[in-house]
Amino acid sequence: MIEEIEIRESLPSDVASIEKLYPDAFPDEDLLPLVRELLREESIVLSLVGIVDRALVGHVIFTTCSIAGRTDKVSLLGPLAVAPAWQRRGIGSALVREGLLRLENAGAIQVYVLGDPAYYERVGFEPEAGVTPPYPLPKEWRGAWQSVSLHNAEQPPHGKLSVPQPWLQHGS
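Now for a quick tour of the structure. If you're wondering where the values come from, they're calculated on a predicted model, not measured in any experiment.

1. Thoughts on the overall build of the protein
Per the secondary structure count, the protein includes five helices and nine strands. Secondary structure elements in the protein, listed N-terminal to C-terminal, are β-α-α-β-β-β-α-β-α-β-β-β-β-α. Here the C-alpha atoms of the protein give a radius of gyration of 15 Å, agreeing with the 16 Å that 2.2 N^0.38 yields for 172 residues. Dimensions along the principal axes, computed over C-alpha positions, put the protein at roughly 45 × 30 × 30 Å. The buried share of the protein, taken over its 172 residues, is 45%. Taking the contacts inside the protein whose residues are at least 6 apart along the sequence as the reference set, 70% of them involve residues at least 24 apart. If you sum the accessible surface of the protein, you get close to 9400 Å²; carbon and sulfur atoms cover 50% of it.

And the structure:
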């Protein structure tokens, strides 16, 4: 676990470092078009960076979403990236935990993610059955659709997650 990590909301001056981070962390995926679009949507995203010794070493985005027929605040986590040299040191988990805390304080009740269950269960995510993902998933990915409850909702959300335009253009 890294002890001296600063976590804060991203700034326009962080964009160049963020744009370098994703190809380094995911050399086989082009996440930059989605990341760029999401960062332009400041009113619907929480974008956090992890800084160690004044270097940006991690980034996560939480996008405000909705579920048909519900007024609850919900979010979608992703993408999340940590510089390869800084992986397995708790930076990604620290970014996610801070994001969940900020979303909970803002009144969000649930956060969804499509990701590795072994990783995300460490920060409280569990398989999600009540809310379907915005895209059809291959059967073998079904366990990767997960959520974490931030507030005890009277009734857990049910329905289909509705995502904003950047996810419709780049997320499928």
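Still more ground to cover, so stick around.
2. Structural notes on the pattern of salt bridges
Charged atoms that come close allow side chains of opposite charge to pair. The tally for this structure, following the rule as stated, stands at eight salt bridges. In this structure, glutamate 6 and arginine 8 form a salt bridge, with 3.7 Å as the shortest nitrogen-oxygen distance. A salt bridge links arginine 8 to aspartate 14, with the nearest nitrogen and oxygen atoms 2.7 Å apart. Salt bridges here are not isolated pairs; linked through shared partners, they connect Glu6, Arg8 and Asp14.

3. Considering the pairing of strand S3 (residues 55-67)
Counting buried positions along S3 yields 10 of 13 residues, so the element is predominantly enclosed. In this structure, strand S2 (residues 45-52) lies alongside S3, joined through eight bridges in antiparallel fashion. Residue valine 52 lies in a different strand from S3, and its bridge partner there is alanine 55. What sits between S2 and S3 in their antiparallel hairpin is a turn of two residues, with aspartate 53 showing a positive phi close to 50 degrees.

4. Comments concerning the packing of helix H1 (residues 15-25) against helix H2 (residues 32-40)
At a minimum axis distance of 10 Å, the contact between H1 and H2 shows a crossing angle of 150 degrees. The angle between the axes of H1 and H2 places the two elements in the roughly antiparallel class. Judged by the twist between their axes, the crossing of H1 over H2 is right-handed. Touching Ile18, Glu19, Tyr22 and Pro23 of H1 are Leu32, Val35, Arg36 and Leu39, all from H2. Here the residues of the contact of H1 with H2 sort into six nonpolar, no polar and two charged.

5. Focus on the packing of aromatic side chains
By the definition in use, this model includes four aromatic pairs. Seen in terms of ring centroids, tyrosine 22 and phenylalanine 26 are 6.5 Å apart; in terms of plane orientation they differ by 20 degrees. Their pairing is stacked. The class of tyrosine 22 is buried, set by a relative accessible area of 1%. Given a relative accessible area of 25%, phenylalanine 26 falls into the partly exposed group. Taken together, a centroid distance of 5.7 Å and an interplanar angle of 10 degrees make the contact between tyrosine 112 and tryptophan 145 stacked. Here the residue tyrosine 112 occupies a position in strand S5 (residues 108-114), and tryptophan 145 occupies one in strand S8 (residues 145-149), the gap between them amounting to 33 residues. As far as the burial class goes, tyrosine 112 and tryptophan 145 line up, both buried. Aromatic ring contacts, followed pair by pair, group Tyr119, Tyr120 and Phe125 into a single cluster. Positioned above the aromatic ring of tryptophan 86, the side-chain terminus of arginine 89 is 4.5 Å from the ring centre.

Procedures and definitions
Residues numbered from 1 in each chain as written. Predicted model: local features only at pLDDT ≥ 70, side-chain atom pairs only at ≥ 80, totals over all residues. Heavy atoms only, no water. Helix = DSSP H or I, 4+ residues; strand = E, 2+ residues; numbered from the N terminus. Rg over C-alpha atoms; globule rule 2.2 N^0.38 Å. Buried < 20%, exposed > 50% of the residue type's maximum accessible area, 1.4 Å probe, protein only. Contact = heavy atoms within 4.5 Å. Areas by Shrake-Rupley, 256 points an atom, 1.4 Å probe, with all protein chains shown as cover. Salt bridge = Lys/Arg side-chain N within 4 Å of Asp/Glu carboxyl O. Pairing = 2+ DSSP bridges. Axes fitted to C-alpha atoms, helices over the stretch in contact; angles between N-to-C directions. Parallel < 35°, antiparallel > 145°, perpendicular 65-115°, else oblique. Left-handed = near helix turned anticlockwise from the far one by under 90°. Nonpolar A, V, L, I, M, F, W, Y, C, P; charged D, E, K, R; others polar. Phe/Tyr/Trp six-rings, centres within 6.5 Å; stacked < 30°, edge-to-face > 60°. Lys NZ or Arg CZ within 6 Å of the ring centre and 35° of its normal.

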